[in-house]
Amino acid sequence: MTDARFSWRNDLENARLNEPLTTEASRDLTSIVGNAWSTDDVDLDQASVDRWPPALRRRHLGLKVPRPTVVIWPTTAQHVSDLFQWSKLHGIALVTRGAGSGVVGGAVPLHGEAVLSTERMNAIVAFDPTSGLVRVEAGVMGGDLETWLNQRDFTLGHYPQSIAISTVGGWVATRASGTFSSGYGNIEDVVRGLEVVVPGGDVLSFAPIPRSATGPNLRELFVGSEGTLGIVTQIDLQVRRLPESRIFDAFVFDTLGQGIEATRALAQSLYPPALVRLYDAAGGKGIIADNDVPNGGCPLILGWDGPSDIVEILREHSARTCLDRGGRAVGPAAATEWFDKRFDVSALERGIERVDGIADTIEIAASWSDAEQVHSAVVEALSPLCDRVSGHFSHVYPTGTSLYVVLFLSADAGDVENQYAEAWRVALEAALDAGASISHHHGIGLMRAGWMPAEPSTEVSILRDLKRLFDPQSLLNPGKLINTTAQHDRPN
Ligand SMILES: Cc1cc2nc3c(=O)[nH]c(=O)nc-3n(C[C@H](O)[C@H](O)[C@H](O)COP(=O)(O)OP(=O)(O)OC[C@H]3O[C@@H](n4cnc5c(N)ncnc54)[C@H](O)[C@@H]3O)c2cc1C
């Protein structure tokens, strides 16, 4: 039997290329969205892959990649609702696409689906500065929203590294995290209301009430649902006044264990820094100037937003926490330099597009008691297969942390995908064995769908039931998030 954990490989190899749209399907599409759809090669190509490394690499090398049948640009929830009827009538499933920055294949149309792009649903609908709420359409780009808010002296505080290349709807669908997550929270902490269209055609509305005791919070069902249960059309987000001051600091630890101890102490305090990022020694190379860390070490970058006097006090307090645990102060300039370069992913991009190699990132999460063991297990598992492996802890909580692993591997051209699949296998097995979750913020998509039954933090049978409830005909992003054929169950 094929191992469901690697079904993405067959999916890619056997992906259907687009088939011509029938005259009836074209006519019905025009009656819904006018001429806002296309079967032009350039549009189909553009919607064929996201930033999932094996698909990107395939496209770069001219190898087979899937292609959608049509790309559609709805502008209203009613369009989306009508498109579900169209999808049912013509037997063409829908894949929602934000900006295509997802890195796990969530927006890749594997079976000749129609890609429903949210690109033209890009209005900022309402702003309520008194309540601190902004309502946006799903296709608003993250960077555009932040600039719009900053012009009004507000911020969302959600700064993923991909802020300029991702949409708010994509953030919601993937449960994204931003650099300042321990200050402003992750996306689920700032989403206050949603409008979602479900495959039955209903437009569901969850109003941005601050809290209610009215049964389970059903809005959360769609946060992280990766376009498999419904299409998010509008989002209410909590915004804050721009902070008076943003300051940084940096420390270096001789051992990762010391760094983890300091990071944990900061994360468990009532006032953690908004930005916390601890690198292992391999990841730390080049992060802090060599003359500041003559013997290598593990850099810790910290950042605070808030009133000037308060952030200074917090910085002093954090400095004591770090120094008491073996940290050496290397000064705020090193952290500012890191911050200014944080959008540079050129090395990773070059690593992905090689004939004889590939690069990727794997982000997982674990409790503090397991964090160091998870790091060493995953790095040790990957090292024999990779040229370079490094890690950092960049989203912290009172009870645990994320771990983000960056890997570069080389192999004969025809063997790259085998070795890449093996790298993911050993990394996720090591993570699960050491007690971690298989994803902290990139999500599941195609890459991890076969691993979901082994994930300790959820019950995949309930996800399957929900999928059957909302989308009995599998019209929406089939094969993503949950692989209905997966055989790999949670170990006892
Ligand atoms: C260089 C780089 C840096 C990154 N940094 C971060 C980071 O710091 N933090 C982080 O969390 N992620 C990061 N990512 C991953 C990616 O940016 C996020 O997953 C992002 O949330 C995806 O948004 P998108 O609009 O590009 O969505 P897409 O890639 O278009 O779609 C992602 C998934 O969401 C679904 N989807 C999109 N829009 C909707 C909608 N309106 N309704 C329902 N489903 C929808 C799609 O079907 C797909 O399953 C990074 C990626 C890159 C390439």
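In short, a report on the structure. (Residues numbered from 1 in each chain as written. Predicted model: local features only at pLDDT ≥ 70, side-chain atom pairs only at ≥ 80, totals over all residues. Heavy atoms only, no water.)

Let's talk about the overall build of the chain
Threshold: In this text, helices come from DSSP runs of H or I with a minimum length of four residues, and strands from runs of E with a minimum of two, each type numbered from the N-terminal end. Restricting the calculation to C-alpha atoms gives the radius of gyration, and the globule rule supplies 2.2 Å times the number of residues raised to the power 0.38. When a residue's accessible area, from a 1.4 Å probe over protein chains only, is under 20% of the maximum for its type it is buried; when over 50% it is exposed; and in between it is partly exposed. Only the protein chains shown count as cover for residues, and all accessible areas are computed by the Shrake-Rupley method using a 1.4 Å probe. The charge count includes Lys and Arg as positive and Asp and Glu as negative, but it does not include His or the ends of the chains. By convention, charge coordinates are those of NZ in Lys, CZ in Arg, CG in Asp, or CD in Glu.
Helix and strand counts for the chain come out as 17 helices and 18 strands. Over its C-alpha trace the chain gives a radius of gyration of 23 Å, about what one expects of a compact globule, namely 23 Å for 492 residues. In terms of its C-alpha atoms, the chain occupies a principal-axis envelope of roughly 70 × 60 × 45 Å. In the chain, which comprises 492 residues, the proportion classed as buried is 58%. Counting every atom, the chain has about 20,200 Å² of accessible surface; 50% of that belongs to carbon and sulfur. Taking the average place of the 41 positive charges on the side chains of the chain and the average place of its 61 negative ones, the gap between the two points comes to 1 Å.

Quick word on the sheet that holds strand S17 (residues 388–393)
Stated precisely, the cut-off is as follows: The criterion for strand pairing is that DSSP finds at least two bridges linking the strands in question. In this analysis, two residues are considered to be in contact whenever any of their non-hydrogen atoms come within 4.5 Å of each other. Between N-to-C directions, angles cover 0 to 180 degrees, with each direction set by a line fitted to C-alpha atoms, over the stretch in contact for helices.
Strand order in the open sheet made by the seven strands is S15-S12-S14-S13-S17-S18-S16, with antiparallel pairing throughout. Of all the strands in the sheet, just strand S15 (328–329) and strand S16 (357–367) have a single pairing partner and so form its edges. Two strands pair when backbone bridges link them, and strand S12 (residues 245–253) and strand S14 (residues 298–306) are joined in this way by nine bridges, in the antiparallel orientation. By the bridge assignment, Phe251 is partnered in S14 with Leu300. On the sheet, helix H15 (residues 368–382) packs against S16, S17 and strand S18 (400–410) and is oriented at approximately 160 degrees with respect to S16.

Considering the packing of aromatic side chains
Worth spelling out the cut-off: Stacked, edge-to-face and tilted labels apply to pairs of Phe, Tyr and Trp rings (six-membered ring for Trp) whose centres lie within 6.5 Å, assigned for plane angles under 30 degrees, over 60, and everything in between, in that order. Sitting over a ring, as applied to charges here, requires NZ of Lys or CZ of Arg to be within 6 Å of the ring centre and within 35 degrees of the ring normal.
Scanning all chains against the criterion turns up ten aromatic pairs. Consider the rings of Phe180 and Phe339, whose centres lie 5.9 Å apart with planes at 80 degrees: the pair is edge-to-face. On the criterion of sequence distance, the pair formed by Phe180 in the loop between helix H7 (168–174) and helix H8 (181–184) and Phe339 in helix H13 (residues 332–340) is long-range, its members being 159 residues apart. Ring centres 5.5 Å apart and planes at 70 degrees place the aromatic pair Phe222 and Phe470 in the edge-to-face group. One end of the pair, Phe222, is in the loop between strand S9 (203–206) and strand S10 (231–238); the other, Phe470, is in helix H17 (residues 460–470), with 248 residues separating them in the sequence. By way of ring pairs, the aromatic residues Tyr159, Phe180, Phe248, Trp338 and Phe339 are connected into one cluster. Residue placement shows Arg152 over the ring face of Trp148; its charged tip is 3.7 Å from the ring centre. It is Arg388 that lies over the ring of Phe408; its NZ or CZ is 4.1 Å from the centre.

Some words on the site of the ligand
This is how the line gets drawn: When we say a residue is near a molecule or strand, we mean one of its heavy atoms is within 4 Å of it. Counting of polar contacts relies on pairs of N or O atoms within 3.5 Å, with two restrictions inside protein: one atom must be capable of donating a hydrogen and the other of accepting it, and residues adjacent in sequence are counted only when both atoms are side-chain atoms. Only Asp, Glu, Lys and Arg are considered charged, only Ala, Val, Leu, Ile, Met, Phe, Trp, Tyr, Cys and Pro nonpolar, and every remaining residue, Gly among them, polar.
Taken together, the neighbourhood of the ligand is formed by 35 residues, with Thr96, Gly98, Ser101, Ser162 and Thr167 sitting nearest. Gly100 has a polar backbone atom sitting 2.8 Å from an oxygen atom of the ligand. Burial of the ligand by the surrounding chains reaches 95%, relative to a free accessible area of 970 Å². At five residues, the largest contribution of residues to the shell around the ligand is made by H7. Residue composition of the shell around the ligand, by class: twelve nonpolar, 20 polar and three charged.

As for the sheet that holds strand S6 (residues 133–137)
The antiparallel open sheet is built from five strands, whose spatial order is S5-S6-S10-S8-S9. Taken across any chain shown, the strands that pair with only one partner, and hence form the sheet edges, are strand S5 (124–128) and S9. On average, each strand axis in the sheet is tilted by 10 degrees relative to the strand beside it, whichever way the strands run.

Regarding the packing of H15 against helix H16 (residues 416–433)
For clarity, the cut-off: Any angle between 65 and 115 degrees counts as roughly perpendicular, while under 35 counts as roughly parallel, over 145 as roughly antiparallel, and the rest as oblique. Crossing handedness follows the turn of the near helix against the far one: under a right angle anticlockwise gives a left-handed crossing, and clockwise gives a right-handed one.
Remark: H15 packs on H16, axes separated minimally by 8 Å, with the N-to-C direction vectors making an angle of 160 degrees. When the axis of H15 is compared with that of H16, the two are roughly antiparallel. Crossing of H15 over H16 shows right-handed handedness. Residues Ala377, Val378, Ala381 and Leu382 of H15 form the contact with H16, whose own contacting residues are Ala423, Val426, Ala427, Ala430 and Ala431.

Considering helix H4 (residues 53–61)
Of all the residues in H4, the buried ones are Pro53, Pro54, Ala55, Leu56, Arg57 and Arg58. The inward-facing, buried residues of H4 contact helix H1 (7–13), helix H14 (346–352), S16 and H16. Of the residues trailing H4, Gly62 is marked for its positive phi of about 75 degrees.

Brief notes about unusual backbone geometry
A positive phi angle, close to 55 degrees, is found at Glu226, a residue other than glycine. With respect to the element layout, Glu226 can be found in the loop between S9 and S10. At Asn477, a residue that is not glycine, the phi angle is positive and equals roughly 45 degrees. Residue placement: Asn477 occurs in the segment after H17.

Some words on the pairing of S6
The buried fraction of S6 is high, at four of five residues. Pairing of S5 with S6, which is carried by four bridges, proceeds in the antiparallel orientation. Bridge pairing in S6 links Ala126 to Arg135. Counting the residues that bridge the hairpin from S5 to S6 gives four residues, and of these Gly132 lies at a positive phi of roughly 75 degrees. Where S6 lies against S10, five bridges are found, and the strand directions are antiparallel. When the bridges of S10 are listed, Arg135 appears paired with Asp236.

Focus on the pattern of salt bridges
Working definition: two side chains of opposite charge can pair if their charged atoms are close together. Heads up, the condition is: A pair is scored as a salt bridge if a Lys or Arg side-chain nitrogen falls within 4 Å of a carboxyl oxygen belonging to Asp or Glu.
Applying the stated criterion across every chain yields a total of 20 salt bridges. Linking Arg135 and Asp236 is a salt bridge whose minimum nitrogen-to-oxygen distance equals 2.5 Å. You can see Arg135 sitting in strand S6 and its partner Asp236 sitting in strand S10, a full 101 residues away along the chain. Look at Asp236 and you get buried, because its relative accessible area is 5%. Residues Asp305 and Arg246 are paired through a salt bridge, measuring 2.7 Å at the closest nitrogen-oxygen approach. Taken together, the positions of Asp305 in strand S14 and Arg246 in strand S12 put the pair 59 residues apart, joining distant regions of the chain. We classify Asp305 as buried; its relative accessible area is 18%.

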